[in-house]
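Descriptive structure summary
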Amino acid sequence: KPLGYNTKGIFVAREMREKILPYIGHIEKQFWPTNISHSEIMWSNEVANIILDNYLAKYNNSNPLFLMLWNNIRHDKNISDNLIKTEQILKKYDFWEDSIIIFCADHGYPHPRRGFTPEGLISDGLTHDLILTDDNILIPLFIKTSKVVPREINEVVGTIDLFPTIIDYIEDDSIANASQELPGRSIKHLIENTETKNKYPLDLYYRCDSRFIGQSDRKTAIRSQNYKYIFNHDSASEEFYDLMKDSGEDVDIIN
């Protein structure tokens, strides 16, 4: 905001609207469909696109826009079509070509071969976030900028890197120095396939926690390009996997 950005959010979950609104701000009710209200626990993803379309159709602010759109995809069989619609809306109002667009999720979901089902997790008193296998902690991540030829990046990166990357693209000296104190690193050089003045180790380590602080059955995973270590805080037990030889994480080397 101090750099002149107009910051807005569209969140289909009431919980997200309440928790994130003070930091980003939500698009005003005048752009909402008349048949929805904030009291609803979850809007459909189609509603998010309607709000986006209504807002951009009347957008006359000369300032750049920082927008976060939050979908609930777990039970949406039409999510691919909805994302295509989002892209079409951005293109219709010329918010596509010159924008940095990041699409990601907050987690994956356990692979069916592990025997987990949504119903089974509920009956066992578990939730998907207790599981630290790659199928659950790796996420879809797509980053589009105006200058990049599409390609796949094989290096391990984390969501903790997204904010420093955004700061790097803004290229404002007043916040560039402050970004050096942030956790994570800019991955702009990976996106653009260029050398970087910052020398990072080839094998970085990323941390993933299965529960929030204060909750029981908490586990922490440390994952690099080739290995994963897991520590169970309650039982003090450990797991270790060689992902190059055992991508399915079937063989716990420690045990």
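Preceding this paragraph is the structure being described.
A short tour of the structure in this document, coming up. (Residues numbered from 1 in each chain as written. Predicted model: local features only at pLDDT ≥ 70, side-chain atom pairs only at ≥ 80, totals over all residues. Heavy atoms only, no water.)

On to the environment of asparagine 54. For asparagine 54, the location among the structural elements is in helix α2 (residues 45-57). Exposure remark for asparagine 54: the relative accessible area of 31% places this residue in the partly exposed category. For the pair asparagine 54 and glutamine 30, spaced 24 residues apart in sequence, the C-alpha separation works out to 8.9 Å. (Helix = DSSP H or I, 4+ residues; strand = E, 2+ residues; numbered from the N terminus. Buried < 20%, exposed > 50% of the residue type's maximum accessible area, 1.4 Å probe, protein only.)

Bringing unusual backbone geometry into the picture now. Even without a glycine there, the phi angle at asparagine 193 is positive, about 55 degrees. Mapped onto the elements, asparagine 193 comes out in the loop between α8 (188-191) and β5 (206-209). Not every positive phi belongs to a glycine, and alanine 236 is a case in point at roughly 60 degrees. Mapped onto the elements, alanine 236 comes out in the loop between β7 (227-232) and β8 (237-242).

Here the focus is the packing of aromatic side chains. In total, this model carries six aromatic pairs according to the counting rule given. With a centroid separation of 5.3 Å and 90 degrees between ring planes, the pair formed by phenylalanine 31 and tyrosine 55 is classed as edge-to-face. Linking phenylalanine 31 in the loop between α1 (14-24) and α2 with tyrosine 55 in helix α2, this pair joins segments that are 24 residues apart in sequence. The exposure class of phenylalanine 31 is buried, given its relative accessible area of 10%. (Phe/Tyr/Trp six-rings, centres within 6.5 Å; stacked < 30°, edge-to-face > 60°.)

Counting residues in hydrophobic clusters, the biggest one holds 18 residues, and the most contacted among them are Trp43, Ile51 and Leu56. Put simply, the parts of the chain that give this core at least two residues each are α2 and α3 (79-92). Considering each element in turn, this core owes the most residues, six residues, to α2. Here leucine 56 is in contact with Leu65, Ile89, Leu90, Tyr93 and Phe95, once residues within four sequence places are set aside. (Core = buried A, V, L, I, M, F, W, Y, C linked by side-chain atoms within 4.5 Å. Contact = heavy atoms within 4.5 Å.)

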